[in-house]
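Below are the chains, spelled out letter by letter.
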Amino acid sequence: IEYAICFANASGGAVVFGVADRVIGRGAAIHGAKGYDLDLWRRSIFDATRPNLAVAISEMDVPEGTGKLLIMRVLKGTNAPYGTAQGLYKQRVGKNCMPLDPHAFAKAKFVTGVVDWSGQSAEEVTIDDLDPVEIARARNVLAKFRPQSDLNKVGDKELLVGLGAVRDGAVTRTGLLLFGRESKLAAVCPQHQLHYVHQVSETKVARNDSMKSGLLQIVERVEQAFSGPANPEHEVNVGLFRLRIPAFPIEMVREAVLNALTHRDYLDPGEVLLRHATNMFVITNPGGFLGGITTRNILRHEPVARNRTLAEAFEKLGLVERAGMGRRRIFLPILEYGKRIPEYETDGTRVTLRVFDGAFDERMAILVAKWRGDGHEIDLDSLLVLTHLREQAFIDTLSASEILQLSRDDARGVLDRMAQPRVGILERRGKTKTATYHLSKNVAKDLLGKAAYTKTKGLDPIRFQEMVRQFVSHHGSITPQECRELLGLGESQTARVEVSRYLKEWSGPEGFLTREGNPPKVVYRQRGIEADLPDPGGLG
């Protein structure tokens, strides 16, 4: 039980039972485990840990010893710190399990979000340390984003209580971060800072600001920086209207900054760093992902706030959504303009978001603008699929699963919905799990040009036959890999199955190919044409 909490509070690990420590020789060291009950082990560890830990216990057969080895695997915990039911807390340090000291224990609770740091009282901070200008700024934000909120109708004291800035008469850390005077913030929370760098070239910096004021003022200053010439716009015609496409959409900038300020680890001495280059927007905040969020599920995972009171204050002000829409709000405006998909990365102690400018796709931007103008909403799933199909001839359920961060069955549901006649974005080809999805005629024409649909539609088995006949005529034979390359189907499992089916049909009794060899060395030659082999009799 102690080893389980020890590993869960660190980076995870495994314990092997049935091996003697510090015994030389495999035969002497391995004695095996006996008299155990796997279910009892799992249940006992789960019941004896707080929060409850589910560990994996498995058996391993070995030639030595009279029993089996038991392997206990423990993943890094998502709700640390973990302890025993009796209140013992330990953490792996090197090769040892050491007690978690009170300071580290308290910090772990804040860092992992078990205890809400932002909701705690701010030491040495009183109501008089809050800036009336920042309170007025909050009222302006409310009037803009939440005009129907009851908070618009109350006095300053009630407003502070309603936002969680004051609790039981004491100023919370949320109150300090939102409304604290800059001098007080510097004295009590010196790690609070957003560093903004505007880099106009690899060697030239146009702006280098350290923003240490209240959070609402920081957000406003960043928005101002992206509302001028530093964030150029392109214009394209959409019917009678002109569509403006900024390098970095302001709603994306706002959401990214709010996410970084809300979810950063305020016990970390680091700062939030925003680097604004001509073709890239990069923002990094101290503190890794929480509660099982990873780069592979960030679009789907339920939101987990490290600083819940601060997140709730931003929500009440109308600046953020708590329904998991925040991260999507970053992706939507970028993909609507046909730009590269934003990327998250983390090293466990920092989270970095990269948003790319570089270029936009005018056809994509016009198509989405027309859909919206006609009253048709297009969601993030559809935009991700369309982004893929701008570069690839088709998408299958496996590729869609990775792109959409969904199970394969759920991804198939998204593709089938897009292929419904009333939606009309995709066409489905095939009825099995290896079915592929292609752009519909009208969408292909608008997104890729008039020839796009004819080109992809023409690549059916009849056209495939002609292409393979010509290849074999010119080269004498064809392999499955060469066939996939020739037909432009790629190397996915779906493509392998599809090509295998075609080659099997074409090398059948009435086909034009003959098969030679066995996997993995299989070639197909034209039926009726003998391979160019040396004459065994040497007579020519």
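Note that the structure is a prediction, hence the values are computed from the model and not measured. (Residues numbered from 1 in each chain as written. Predicted model: local features only at pLDDT ≥ 70, side-chain atom pairs only at ≥ 80, totals over all residues. Heavy atoms only, no water.)

1. Some details on the overall build of the protein
Here comes step 1: Of the regular secondary structure elements, the protein holds 21 helices and 23 strands.
Here comes step 2: The C-alpha atoms of the protein give a radius of gyration of 31 Å, which is well past the 24 Å a tight globule of 540 residues would have.
Here comes step 3: Taken over the C-alpha atoms alone, the protein extends approximately 105 × 85 × 50 Å along its principal axes.
Here comes step 4: Evaluated residue by residue, the protein yields a buried proportion of 45% over its 540 residues.
Here comes step 5: Put simply, of all contacts in the protein between residues at least 6 apart along the chain, 59% involve residues at least 24 apart.
Here comes step 6: For the protein, the accessible area works out to roughly 28500 Å², and carbon and sulfur atoms hold 51% of it.
Here comes step 7: Measuring between centres, the 73 positive side-chain charges of the protein sit 1 Å from its 67 negative side-chain charges. (Helix = DSSP H or I, 4+ residues; strand = E, 2+ residues; numbered from the N terminus. Rg over C-alpha atoms; globule rule 2.2 N^0.38 Å. Buried < 20%, exposed > 50% of the residue type's maximum accessible area, 1.4 Å probe, protein only. Contact = heavy atoms within 4.5 Å. Areas by Shrake-Rupley, 256 points an atom, 1.4 Å probe, with all protein chains shown as cover. Lys, Arg positive; Asp, Glu negative; His and termini not counted. Charge placed at Lys NZ, Arg CZ, Asp CG, Glu CD.)

2. Side note on the state of the cysteines
Here comes step 1: In this structure the tally under the stated criterion is one disulfide.
Here comes step 2: Disulfide partner of Cys 6: Cys 97, at an S-S distance of 2.1 Å. On the S-S bond that ties Cys 6 to Cys 97, the torsion sits near -105 degrees, and the link is left-handed. Note that Cys 6 is positioned in helix H1 (residues 2-8) and Cys 97 in strand S7 (residues 96-99), a separation of 91 residues in sequence.
Here comes step 3: Overall, the relative accessible area of 0% leaves Cys 6 in the buried class. (Disulfide = S-S within 2.5 Å.)

3. Notes on the side chain of Ser 118
Here comes step 1: Its place among the elements puts Ser 118 in the loop between helix H4 (102-111) and helix H5 (132-145).
Here comes step 2: A polar contact of 3.3 Å, which involves the side chain of Ser 118, links it to the backbone nitrogen of Thr 309.
Here comes step 3: Setting aside its immediate chain neighbours within four residues, Ser 118 contacts Thr 172, Arg 173, Thr 174, Asn 307, Arg 308, Thr 309 and Leu 310. (Polar contact = N/O pair within 3.5 Å; in protein donor to acceptor, adjacent residues only side chain to side chain.)

4. Here's the deal with unusual backbone geometry
Across the chain, the bulk of peptide bonds are trans and the bulk of non-glycine residues have phi less than zero.
Here comes step 1: For the bond running from Arg 50 to Pro 51, omega is -10 degrees, close enough to zero to count as cis.
Here comes step 2: Take Pro 51: it is sitting in the loop between strand S2 (49-50) and strand S3 (56-60).
Here comes step 3: The linkage connecting Pro 519 with the following residue, Pro 520, adopts the cis geometry, with an omega of 5 degrees.
Here comes step 4: As for its placement among the helices and strands, Pro 520 is situated in the loop between strand S22 (513-516) and strand S23 (523-526).
Here comes step 5: We note that Asp 168 has phi near 50 degrees; this positive angle belongs to a residue other than glycine.
Here comes step 6: Looking at the element boundaries, Asp 168 is found in the loop between strand S8 (166-167) and strand S9 (170-171).
Here comes step 7: Classification of Asp 168 as exposed rests on a relative accessible area of 85%.

5. A few points about the packing of aromatic side chains
Centre-to-centre distance and the angle between the planes together describe a pair of aromatic rings.
Here comes step 1: Evaluation of the coordinates by the stated rule reveals twelve aromatic pairs.
Here comes step 2: For the ring pair Tyr 3 and Phe 7, a centre distance of 6.3 Å and an interplane angle of 25 degrees mean the geometry is stacked. Pair noted here: Tyr 3 and Phe 7 are both in helix H1, with a separation of four residues, about one helical turn.
Here comes step 3: Assessed through its relative accessible area of 42%, Tyr 3 is described here as partly exposed.
Here comes step 4: Among the residues examined, Phe 7 registers a relative accessible area of 7% and is labelled buried.
Here comes step 5: Here the aromatic rings of Trp 506 and Phe 512 are separated by 5.8 Å at their centres, their planes lie at 35 degrees, and the arrangement is tilted. In terms of burial, Trp 506 and Phe 512 fall into one category: buried. (Phe/Tyr/Trp six-rings, centres within 6.5 Å; stacked < 30°, edge-to-face > 60°.)

6. Concerning the sheet that holds strand S16 (residues 343-346)
One key point about sheets: their strands pair by backbone hydrogen bonds, in either a parallel or an antiparallel sense.
Here comes step 1: Judged by pairing direction, the sheet is mixed, and its six strands sit side by side in the order S11-S10-S14-S15-S17-S16 without closing on themselves. Two strands bound the open sheet, and with one partner strand each, they are strand S11 (205-211) and S16. Looking at each pair of strands side by side, their axes are set apart by 10 degrees on average, direction ignored.
Here comes step 2: Alignment of S16 against strand S17 (residues 350-356), held across four bridges, turns out to be antiparallel. In the strand pairing of S17, Glu 343 is matched with Arg 354.
Here comes step 3: Relative to the sheet, helix H9 (residues 215-225) contacts strand S10 (194-199), S11 and strand S14 (272-277), its axis offset from that of S11 by approximately 170 degrees.
Here comes step 4: Contacts from helix H10 (residues 250-263) reach S10, S14, strand S15 (280-286), S16 and S17 within the one sheet, and its direction differs from that of S15 by about 15 degrees. (Pairing = 2+ DSSP bridges. Axes fitted to C-alpha atoms, helices over the stretch in contact; angles between N-to-C directions.)

7. Let's talk about helix H11 (residues 308-317)
Here comes step 1: Within the span of H11, buried status applies to Thr 309, Leu 310, Ala 311, Ala 313, Phe 314 and Leu 317.
Here comes step 2: Where H11 is buried, its residues touch H5, S8, helix H7 (173-179), H9 and H10.
Here comes step 3: Just beyond H11, the residue with positive phi is Gly 318, at close to 90 degrees.

8. Describing the nonpolar core
Here comes step 1: If you look at the biggest cluster of nonpolar residues, it comprises 89 residues, and the most contacted ones within it are Phe 179, Leu 194 and Phe 281.
Here comes step 2: Top contributing element to this core by residue count: H10, with seven residues.
Here comes step 3: Excluding anything up to four places from it in sequence, Leu 194 contacts Asp 209, Ser 210, Met 211, Ile 218, Val 222, Val 257, Leu 261, Val 272 and Leu 274.
Here comes step 4: By size, the runner-up hydrophobic cluster in this structure holds 19 residues, among which are Phe 394, Val 468, Val 472 and Leu 503. (Core = buried A, V, L, I, M, F, W, Y, C linked by side-chain atoms within 4.5 Å.)

9. What about the sheet that holds strand S21 (residues 477-478)?
Here comes step 1: Read from one edge of the open sheet, three strands run S21-S23-S22, paired in antiparallel fashion. Looking at the sheet topology across the chains shown, the edges are occupied by S21 and S22.
Here comes step 2: Two strands pair when backbone bridges link them, and S22 and S23 are joined in this way by four bridges, in the antiparallel orientation. Its bridge partner lying in S23, Arg 515 is registered against Tyr 524.

10. Points about the packing of H5 against H9
Here comes step 1: Direction vectors running N to C along H5 and H9 enclose 60 degrees, while the axes themselves pass 9 Å from each other. Classified by the interaxial angle, the pair formed by H5 and H9 is oblique. For the element pair H5 and H9, the recorded crossing hand is left-handed. Here Glu 134, Arg 137 and Ala 138 of H5 lie close against H9, whose contacting residues are Leu 216, Gln 217 and Glu 220.
Here comes step 2: By residue class, the composition of the contact of H5 with H9 is two nonpolar, one polar and three charged. (Parallel < 35°, antiparallel > 145°, perpendicular 65-115°, else oblique. Left-handed = near helix turned anticlockwise from the far one by under 90°. Nonpolar A, V, L, I, M, F, W, Y, C, P; charged D, E, K, R; others polar.)

11. A closer look at the pairing of S7
Regular strands place their side chains on alternate faces of the sheet.
Here comes step 1: With four bridges joining them, strand S6 (residues 90-93) and S7 adopt antiparallel strand pairing. Among the inter-strand pairings, Val 93 is bridged to a residue of S7, identified as Asn 96.
Here comes step 2: Taking the residues between adjacent antiparallel strands as the criterion, S6 and S7 are bridged by two residues, where Gly 94 takes a positive phi near 65 degrees.

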